[in-house]
Amino acid sequence: MPSFDFITLLWWGLPLAAAPIVIHLINLLRHRVVRWPAMEFLLASQRKYRTRILLRQLLLLLLRVLAIMGLVLLFAQPRWVTNLGSILGSSRTRHVVLLDDSYSMGEVLRTEVSPDVPPTTAMSRSCTMIERLLEELASTPGQQDFSLGRISKLTQSNDKNSPNDKNSSNSPEKESKGNRFDIYTEIITPKNVDSARVNVKKLRPSADTTQITPAIRNITPLFSGDDGSGVLWLLTDLRKTDWTMSADIAEALKPLADKGIEIHIVDTATAESDTNILQNLSRPNLVVERIEMIGGTPVANVLLPWEVTVRNYSSSPSQQVSLAIQEDLLDRPGVQIDRIPPGDSATIQFESRFQTTGRHTVQVELPADRLSLDNYRTATVEVVDEAEVLVITTTSNRNSLDDDSFYLTTALNPGTTAATGLRPRIEPPRALTTLDLNTYDSVWLLDVPRLDAAAIRALEDYARSGGGVVFFVGPNTDYKTMNNSLFRDGEGLFPVPLAGAVDLLKDQQNPNAPDITAEDHPVVAILSGRRNPFLDAVNVDRYMAVERTYQPPPDSGLRRLLSLRNNSFLAVEKPFGKGMGVAFLSTAAPTWNNWARNNPSWVVVILELERHLARLRRQYKTILIGQPIEIDLEQGIDRVDVDFLLPPENRIVHEIAAMNQDGNLVAVMNNTLEPGIYKARWQTVAGVRQEWTAAVNINPTEGNLERLPVTELPESLSGVSFLYDRADNLKPTNENRGSSSLVQPILFILLIILLCEQLLSYSVSYHRAHKKI
Amino acid sequence: MTPASKQYLPPEVLARIGRLDLRARAVVEGVLTGMHKSPYKGNSVEFLQHREYTRGDDLRRVDWKVWGRQDRFYVKEYENETNLRLFLLVDGSASMDYIPPRFDQTLGLTKYDYAATLATSLAWLGLSQGDAVGASIFDERVRTSVPARTNRSHLSSLIAGLEKPRQKHHSDFHSVLRNLAENLPRRGLVIIFSDLFGERDALYKGLQVLRQRGHDVAICHVLDDDELDFPFDGPTRFEGLELGGEISCNPRALRDGYLQAMEQFLGEVRHRSAASQCDYQLVRTSQAVDKTLVNFLSRRSKTRGRS
């Protein structure tokens, strides 16, 4: 089936084929008149040669018409499509364009001199190629079915479609499938090609990553039952991260290839004209990989520590990388990372302070580079007035200078001059069973002799759900009971088995050696690494020894914070569920040691320990693009109508909360396709307005712009017959569709026609003969 | 000076001379200058026989030598007692009016003009030698006829006849030549100036009739170069001058066929003329008239010498 690269030239040029006929007719009108005497001989000659002359003239006319047609055909760049369907006479071809719209497709490949001209990206190049394809299909004979789908939409589950679609409960399954496509199935004609092009022009990179395999599986049914031929155009930037699972991609493509569908892998990220990118595989790009508040309890007017991690996807180190910081969209002084090694990441800390309670946002942003979407990252934090800490003690004289709780609560809440935001609540052990422990940042047990089973169960439940429990031992502690009820041969919350209280003997050989040493742990990191006079001043007289024979299992996660001079445990932690248990094997009060007395390092370590434990409870979940946002509501207290405000324009989407599998009332927002701040608003039954804020960020792995070498593509898709094209120089009807150019054959035929025309012209005596009577 | 070296009058120059008598004079003067003497000298007659004198015979014809030897009166008899009777037959049909397109249609020399000039020149020469010269213009029949006379003032009558307006119909040689043969009182030399386009069998029959009546017949076949060479180029519509009809064609496509037909025609005419013992000469209108006249006269003298 012939097709043409420039079909318009054909339509304009073909009428020129009538030129020889028109010239012939004009010449008939322009006859010179000669009054001739020897008509007899002329008539005789005409009678003799009439048929031959007529045939020759017609043949000559035909040759000239053919010559002009050949010339016009040459300009129109004809091609012969040799796909089987065309040969067998089928005139229907289904074209399915599968567009990789991951955010790496927004990589700037070429910038123009004029600022008014938008830069070329892999996505804009894809759109141009699709428009070219549409134009070609519009001028191709036969029925051309066209479908266009973006991978980000095709890989969504049905309930992730737009809320309007979801609310239309009567929409059939086909309509639901169709909604995943930008163009589901449309017969492309010259009349509707413009509307299709309008849809193509609207395409933008999503903020999602690429999942090619499920997208291919979703479009595969489009080719089922087709009696015509089919072409799959997979437009992708061939990022290595997307093609790591190339075996799965090949498996998904194989049924199509076996069915005879032409598969085109169209590379959109390289072109000869790209001026500001490297043609090699490595393309440097900095990505904000993580932003996290590392403090325990975010309290108003308290400095909150943050960590931000930047990854350097390149083969050379990045120096002096500046990070702009915004708190609640207001600029604040940025920070700078001195060096990020190639292929590695670097982390830097900064602090922020919020004056008010409630949800606040912090955003960090890298300088502009070729991929903008991964240059910023947002986090939210729920700032509170204060955080309660539960302190369990059995003593009644709580303000005594010998009481553990006095020193602990003083450290946790030193007073108005140094606000920590912590409010200790001192309770007896029975409170463990009467209070809701989940409302406390951490639980501290001070020299509690024993706990009943209910209290232990409450503590362990609290720890499993992310709570942190600290045990200070002392003279009242019954180590055997502790071993039996809380350690339980390693199954319990208590980290180590105790062997009873012992004195820390003096070191006769090295009397100036410090009694305690800080281990490699974040809680005591500020004290470790060098000789610390405050820590050296701590004297430990007595402590609770750990059983000598105890060897912690390798997978127990046991980790020392502090050790004694004799290498015995002083402080040790053990993960328990989502939470943690910490054993401090001496007293909090200066009974067995003097640490809490006038030693600032005591306050530092206690506050760091509290932050460390509270962080487990207040760990902010990172929500990535495409992941659902779930709002836990209280049944009977909250209304079920929830309004979600979606970035970037705070579009309101109404959702109704429903019971999940766990029996909790949950409002879910699945449409998290844009990065930014998502808000949820609802009311309680009593009419109180509630608001919840969360940050949705991109998946930083897509920022790795390293490409799959094209030479590895055949190996990656082994067993699948496909064609590799580049979007910038792809001609849709070219040899890629099994077509071949007809230019050379037509040129050859044209030369033959012109030669024949000359010979025939000569033979019909258009050239002077020298014959005289 | 030999005839070959003289400068002839080209037809283009001759065409600028409007009057036929002047054209003929220009031609004849050139011919006479070149030849020095006319082939038709004086009134010489040829001796035939003696016969006995009878009353009434002219005493000047008595052969006194015979009387001296035999004492008897015998009178000499001669074969012909008069000069040559020359009759010029000029074709005045429409086909004789052809002027090549390259010439101005008003100033060009038509085949008829050429033939009339040639005929007048011959008449001039004949009359100057004392021959009786007559002329006729014909197409389908004789349109104008001037009887043969010997006085030199007869030339003006001949010229007036040749310049008369013509009907320009098609030629009918048979009826014309038969009519001529019947009406000519004595045998003589009949010279036909024509392109011979017409019924060919009729032409041959007419020539036969003339020959049967004892006339000496000469044919000046006057044709234009275009008719012989067919040099036309480009889209052309040919409209028949005499026969009617038209052909729109590329002339080059028909040239070969035309030239073949023309060649066949000329060969046939030449052959049939020879068969009828008619003197035939093809004359191109591009050829100088005086040269044609010289050629004709020398050809005639050779032919008479042979016979």
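Residues numbered from 1 in each chain as written. Chains lettered and ligands numbered in written order. Predicted model: local features only at pLDDT ≥ 70, side-chain atom pairs only at ≥ 80, totals over all residues.

1. A few points about the overall build of chain B
Regarding its fold elements, chain B presents 10 helices and 10 strands. Buried positions account for 41% of the 307 residues belonging to chain B. Considering only intrachain contacts with a sequence separation of at least 6, the fraction spanning at least 24 residues in chain B is 76%. (Helix = DSSP H or I, 4+ residues; strand = E, 2+ residues; numbered from the N terminus. Buried ≥ 20, exposed ≤ 12 C-beta atoms within 10 Å, placed from the backbone. Contact = placed C-beta atoms within 7 Å.)

2. Focus: unusual backbone geometry
All names here are of chain A. Following Pro647, the chain continues into Pro648 via a peptide bond in cis, with omega recorded as 0 degrees. Looking at where Pro648 falls in the secondary structure, it is placed in the loop between strand 30 (641–646) and strand 31 (651–656). If you check the backbone angles, Asn567 has positive phi at about 70 degrees while not being a glycine. Locating Asn567 in the fold gives a position in the loop between strand 25 (559–564) and strand 26 (569–576). Backbone geometry places Asn650, a non-glycine residue, at a positive phi of 55 degrees.

3. With respect to helix 9 (residues 251–275) of chain B
Between the first and last C-alpha of helix 9 of chain B there are 34 Å, a value that for 25 residues agrees with the 36 Å anticipated at 1.5 Å per step. Where helix 9 of chain B bends most, the angle comes to about 30 degrees, and this point is Gly257(B). Listed in full, the buried residues belonging to helix 9 of chain B are Pro251(B), Ala253(B), Leu254(B), Arg255(B), Gly257(B), Tyr258(B), Ala261(B), Met262(B) and Ser273(B). Residues of helix 9 of chain B that are buried make contact with helix 3 (39–76) of chain A together with strand 7 (216–223), helix 8 (225–229), strand 8 (236–240), strand 9 (246–249) and strand 10 (279–284) of chain B. The first or second residue beyond helix 9 of chain B is Gln277(B), which carries a positive phi of 60 degrees. (Expected span 1.5 Å × (residues − 1). Bend = angle between axes of the 7 residues up to and from the residue.)

4. Observations regarding the sheet that holds strand 8 of chain B
Strand pairing within a sheet occurs via backbone hydrogen bonds; the two strands may be parallel or antiparallel. If you walk across this open sheet you meet the three strands as 2(A)-8(B)-9(B), and the pairing is mixed. Strands at the two margins of the open sheet, each flanked by one partner only, are strand 2 (32–36) of chain A together with strand 9 of chain B. The average angle at which neighbouring strand axes cross in this sheet is 20 degrees, direction not considered. Pairing between strand 2 of chain A and strand 8 of chain B: five bridges, direction parallel. For Arg32(A), the partnering residue across the bridge sits in strand 8 of chain B and is Thr236(B). Seen against the sheet, helix 3 of chain A touches strand 2 of chain A together with strand 8 and strand 9 of chain B and runs at an angle of roughly 50 degrees to strand 9 of chain B. (Pairing = 2+ DSSP bridges. Axes fitted to C-alpha atoms, helices over the stretch in contact; angles between N-to-C directions.)

5. Let's talk about the pairing of strand 27 (residues 579–584) of chain A
Residue and element names in this part refer to chain A. Of all six residues in strand 27, six are buried, a share of seventy percent or more. Here strand 27 shows no split at all, with Gly579, Gly581 and Ala583 on one side and Met580, Val582 and Phe584 on the other all buried. Taken together, the five bridges between strand 21 (residues 468–472) and strand 27 define a ladder with parallel strand orientation. When the sheet's bridge partners are listed, Val470 is paired in strand 27 with Val582. One ladder, built from six bridges, connects strand 26 with strand 27; its direction is antiparallel. Directly across from Val572, in strand 27, lies its bridge partner Ala583. The antiparallel hairpin formed by strand 26 and strand 27 contains two residues in its connecting segment, where Gly577 sits at a positive phi of about 60 degrees.

6. Thoughts on the confidence of the model for chain B
Close inspection of predicted coordinates is inappropriate for parts of the model with low pLDDT. Residue and element names in this part refer to chain B. Scored by pLDDT, chain B comes out at a mean of 80, with 79% of its residues at no less than 70. Between residues 1–6, whose pLDDT stays under 50, and residues either more than four places distant or in other chains, the model counts six contacts. The model gives residues 34–44 a pLDDT under 50, and that stretch makes 14 contacts with residues more than four places away or in other chains. (pLDDT = per-residue confidence, 0-100.)

7. Points about the interface of chain B and chain A
In this assembly, 34 residues from chain B lie in contact with 28 residues from chain A. Mapped onto the side of chain B that touches chain A, the elements with two or more residues apiece are helix 8, strand 8, strand 9 and helix 9 of chain B. It is helix 9 of chain B that provides the largest number of residues to the side of chain B that touches chain A, a total of 11 residues.

8. Overview of the sheet that holds strand 20 (residues 442–446) of chain A
All names here are of chain A. Spatially, the eight strands line up as an open sheet ordered 19-18-20-21-27-26-25-23, and their pairing is mixed. Here the strands that pair on one side only, and so sit at the sheet edges, are strand 19 (422–427) and strand 23 (516–518). When strand polarity is set aside, the average angle formed by the axes of neighbouring strands in this sheet is 20 degrees. In the packing of helix 12 (residues 404–412) onto the sheet, contacts are made with strand 18 (387–393), strand 19, strand 20 and strand 21, and the angle to strand 18 comes to roughly 170 degrees. Its contacts with the sheet place helix 14 (residues 453–464) against strand 20, strand 21, strand 26 and strand 27, and it is angled at close to 120 degrees to strand 27.

9. Observations regarding the packing of helix 4 (residues 111–128) of chain B against helix 5 (residues 154–162) of chain B
Describing two packed helices takes the angle between their axes plus the distance from one axis to the other. Residues and elements named next belong to chain B. Taken N-terminus to C-terminus, the directions of helix 4 and helix 5 make an angle of 165 degrees; their axes are 10 Å apart at the nearest point. Here helix 4 is positioned roughly antiparallel relative to helix 5, judged by the angle of their axes. The chirality of how helix 4 crosses helix 5 is right-handed. Between helix 4 and helix 5, the residues in contact are Ala116, Ala119, Thr120, Ala123, Trp124 and Leu127 and His154, Leu155, Leu158, Ile159 and Leu162, respectively. In terms of residue class, the contact of helix 4 with helix 5 is made up of nine nonpolar, two polar and no charged. (Parallel < 35°, antiparallel > 145°, perpendicular 65-115°, else oblique. Left-handed = near helix turned anticlockwise from the far one by under 90°. Nonpolar A, V, L, I, M, F, W, Y, C, P; charged D, E, K, R; others polar.)

10. Section: the pairing of strand 5 (residues 142–149) of chain B
All names here are of chain B. Bridge analysis of strand 4 (residues 132–138) against strand 5 gives five bridges, and the strand direction is antiparallel. Within strand 5, the residue paired with Val133 across the bridge is Arg149. The loop that links strand 4 with its antiparallel partner strand 5 comprises three residues.

11. Some points on helix 14 of chain A
All names here are of chain A. Relative to the 16 Å expected for 12 residues at 1.5 Å per residue, helix 14 spans 16 Å between its end C-alpha atoms, a close match to the ideal helical length. Burial in helix 14 covers these residues: Ala455, Ala458, Leu459, Glu460, Tyr462 and Ala463. Those residues of helix 14 hidden inside the fold are in contact with helix 13 (431–434), strand 20, strand 21, strand 26 and strand 27. Residue Gly466 follows helix 14 closely and has a positive phi angle near 115 degrees.

12. Structural notes on the confidence of the model for chain A
Residues and elements named next belong to chain A. Residues with a pLDDT of 70 or more make up 88% of chain A, whose mean pLDDT is 83. Across residues 158–172, confidence stays below pLDDT 50; counting only partners more than four residues off in sequence or on other chains, it has 16 contacts. A low-confidence stretch, residues 734–738 (pLDDT under 50), is modelled with 16 contacts involving residues beyond four sequence positions or located in other chains.

13. A look at the environment of Val383(A)
All names here are of chain A. For Val383, the position within the fold is in strand 17 (residues 376–383). With 84 residues separating them along the chain, Val383 and Val299 place their C-alpha atoms 5.1 Å apart. With sequence-adjacent residues up to four places away left out, Val383 is seen in contact with Pro298, Val299, Ala300, Phe354, Thr356, Thr357, Gly358 and His360.

14. Comments concerning the nonpolar core
Ranked by size, the top nonpolar core spans 167 residues in total, and within it Leu98(A), Trp444(A), Leu445(A) and Phe471(A) carry the most contacts. Apart from the residues within four sequence positions on either side, Leu445(A) is in contact with Ile392(A), Val469(A), Val470(A), Phe471(A) and Phe472(A). Ranked by size, the runner-up nonpolar core spans 79 residues in total, among them Trp36(A), Phe173(B), Leu184(B) and Tyr258(B). (Core = buried A, V, L, I, M, F, W, Y, C linked by C-beta atoms within 7 Å.)

15. Examining the packing of helix 6 (residues 173–183) of chain B against helix 7 (residues 200–212) of chain B
Residue and element names in this part refer to chain B. Look at helix 6 against helix 7: their axes get within 7 Å of each other, and the N-to-C directions meet at 10 degrees. Looking at the two axes, helix 6 sits roughly parallel to helix 7. Of the residues in helix 7, those touching helix 6 at Phe173, His174, Val176, Leu177, Arg178 and Ala181 are Ala202, Leu203, Lys205, Gly206, Leu207, Val209 and Leu210. By residue class, the composition of the contact of helix 6 with helix 7 is nine nonpolar, two polar and two charged.

16. Some points on the environment of Arg339(A)
Residues and elements named next belong to chain A. Inspection of the secondary structure assignment puts Arg339 in strand 14 (residues 330–340). Each C-alpha atom, one on Arg339 and one on Val321, is 7.2 Å from the other, the two residues being 18 residues apart in sequence. For Arg339, the residues in contact, after removing those within four places along its chain, are Pro317, Gln319 and Ala346.

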